[in-house]
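Fold and geometry: a report
The residues making up each chain are set out below.
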Amino acid sequence: MYKNDECVMVSIVCAWFNRSKYIRSSIDSLLEQNFSSFEIIVVNDGSSDPNVRAVLDSYSDVRMKVIHQENAGFTAAITTGINAARGRYVAIHGAGDKAEKNKIRKQFEYLEANGKVVALGCSHYLCRDSGERFSSDYDVVEDLTKDILKKRVPFTHGTVMYRTSALRDAGGYDQRFKYSQDWELYWRIIELGAIHALKERLYDKHVFEDGASHSPKKKFVQYEYSNKAREKAQREIHWLKRNRFFLYIGIAISMLKASLERKDFKLARLWLLEMFYICVGNTHRRVDRELFWVCKK
């Protein structure tokens, strides 16, 4: 690593769990940045795949630091990395994703030139194992407002670069959040300055078919956390307990349709089964066990 007193402008932080085959392409995209003053902090969050430790430890680049810890979840792992960061800015990088060579430089230059901006994202591409790369329909917001933040996140999480002082003044990520931790943080950090995004696509987000956006076991939990992140859950929780059956069925039908359109019949079968679980109440009980604001009996 750099000497402790050596100045580092950007700390790139990545939390990793399993999926060892994606490490080299993802981390190498960071080491190849055309920017001279950065460090990479990778937190191995107790991966059960032994190859994760082996591959990460095989790197000898002085710009890279690897931290191995017991499994604590994404939010705790990313916080570990942030606590170790020494840069003026902290850039989040998603495990398995890739950054264009000029991403860090362009975001750094923008933040240096715009002192009132505390967080900066960018547009991105989506990619799959097949090598297919396609444009995301994510509507990136160049200058975020609270009204927009009530409806959606401004950019995908792995693209964001924070001003470190603002990130720490805002209190960092709330470790109670299993999902939508970035959305919840944006609500606090926007009180300290502006949140902007570059329209340029500087990032490739890898689409994992077992991710929260696809998995029946994760989708509804993610949905409830997104409501909480928007500061709506406290107001809506009683309404949801009476009516979320219809919401969950609607989500399941939408995901079933999407699975069939992709000809992913295995996933479609799982969504059909999930509809049965919704009808008998299993889904509701399973979700509630993972929500920290629901009283557990």
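Attention in this report is confined to the structure presented alongside it. (Residues numbered from 1 in each chain as written. Predicted model: local features only at pLDDT ≥ 70, side-chain atom pairs only at ≥ 80, totals over all residues. Heavy atoms only, no water.)

**Describing helix α3 (residues 74-83)**
Two residues of an α-helix separated by three or four positions point the same way, owing to the 3.6 residues in each turn. As a reminder, the rule being used: Only protein chains enter the area calculation, which uses a 1.4 Å probe; residues under 20% of their type maximum are buried, those over 50% are exposed, and those in between are partly exposed. The secondary structure listing takes helices from DSSP runs of H or I that are at least 4 residues long and strands from runs of E that are at least 2 residues long, numbered from the N terminus.
Of all ten residues in α3, seven are buried, a share of seventy percent or more. Among the residues of α3, Thr75, Ala76, Ala77, Ile78, Thr79, Gly81 and Ile82 are the ones counted as buried.

**Some words on the nonpolar core**
Keep this limit in mind: Definition used in this section: a nonpolar core is a set of buried Ala, Val, Leu, Ile, Met, Phe, Trp, Tyr and Cys residues joined via side-chain atoms within 4.5 Å. Pairs of residues are marked as contacts when any of their non-hydrogen atoms sit within 4.5 Å.
One finds Ile92, Tyr162, Ile195 and Phe220 to be the most contacted residues of the largest nonpolar core, which totals 54 residues. Ranked by the residues each element gives to this core, the list is headed by helix α9 (residues 233-261), at six residues. Filtering out sequence-adjacent residues up to four positions away, Tyr162 remains in contact with Arg88, Tyr89, Val90, Ile92, Val118, Ala119, His157, Leu167, Tyr173, Leu185, Tyr186 and Ile189.

**Digging into helix α10 (residues 265-280)**
We apply this condition: A helix's residues, less one, multiplied by 1.5 Å, set its expected span. In this context, the arc is that of the directions from the helix axis out to the C-beta atoms.
If you check α10, its first and last C-alpha atoms are 23 Å apart, about what 16 residues at 1.5 Å a residue would give, namely 22 Å. Turning to α10, its buried residues number three or more, namely Leu267, Ala268, Trp271, Glu274, Met275 and Ile278. Buried residues of α10, seen end-on, are gathered within an arc of 110° and therefore sit on one face of the element. Away from the buried face of α10 by more than 90 degrees, exposed residues Phe265, Lys266, Arg269 and Leu272 are located.

**Some points on the pattern of salt bridges**
Put simply, the rule reads: What makes a salt bridge here is a side-chain nitrogen of Lys or Arg within 4 Å of a carboxyl oxygen of Asp or Glu, nothing more.
Taken as a whole, this structure holds 13 salt bridges when the rule is applied. Of the charged contacts, one joins Arg105 and Glu109 as a salt bridge, the two residues approaching to 3.5 Å between their closest N and O atoms. A residue pair is termed a helical-turn pair when its members lie 3 or 4 positions apart in one helix, as Arg105 and Glu109 do in helix α4 (residues 103-113) at four residues. Arg105 gets classed as partly exposed once you look at its relative accessible area, which sits at 25%. On the basis of relative accessibility, which here comes to 41%, the residue Glu109 falls in the partly exposed class. Across the pair Asp288 and Arg244 runs a salt bridge, and its minimum N-O distance is 2.9 Å. Highlighted residues: Asp288 in helix α11 (residues 282-288) and Arg244 in helix α9, separated in sequence by 44 residues. In this structure Asp288 comes out as buried when scored by relative accessible area, which is 15%.

**Observations regarding the packing of aromatic side chains**
What counts here: A pair of Phe, Tyr and Trp rings is counted when the ring centres sit within 6.5 Å of each other, with Trp represented by its six-membered ring. The angle between the planes then sorts it: under 30 degrees is stacked, over 60 is edge-to-face, the rest tilted. The criterion for a charge sitting over a ring is simple: Lys NZ or Arg CZ within 6 Å of the ring centre, and within 35 degrees of the ring normal.
All told, the structure shown has 15 aromatic pairs when counted by the stated rule. The ring of Tyr59 carries Arg24 above its face, with NZ or CZ at 5.1 Å from the centroid. The residue whose ring lies beneath Arg201 is Tyr125, and the NZ or CZ to ring-centre distance is 5.4 Å.

**A closer look at a nonpolar patch on the surface**
Using the following cut-off: Residues forming no salt bridge and having over 30% relative accessible area are the ones grouped into patches, like charges within 9 Å of each other and nonpolar side chains (Val, Leu, Ile, Met, Phe, Trp, Tyr) within 5 Å. A 1.4 Å probe and the Shrake-Rupley method give the accessible areas. Residues count as covered only by the protein chains that appear here.
Taken together, the side chains of Leu273, Phe276 and Val280 present a nonpolar region at the surface, about 250 Å² in accessible area. In this fold, Leu273 is placed in helix α10. Residue classification places Leu273 among the partly exposed residues on the basis of a relative accessible area of 34%.

**Digging into the environment of Asp129**
Assignment of secondary structure puts Asp129 in the loop between β6 (117-127) and β7 (133-135). Through-space distance from the C-alpha of Asp129 to that of His206 is 7.9 Å; in sequence the pair is 77 residues apart. Look past the residues within four positions of Asp129 in its chain and what remains in contact with it is Lys21, Tyr22 and His206.

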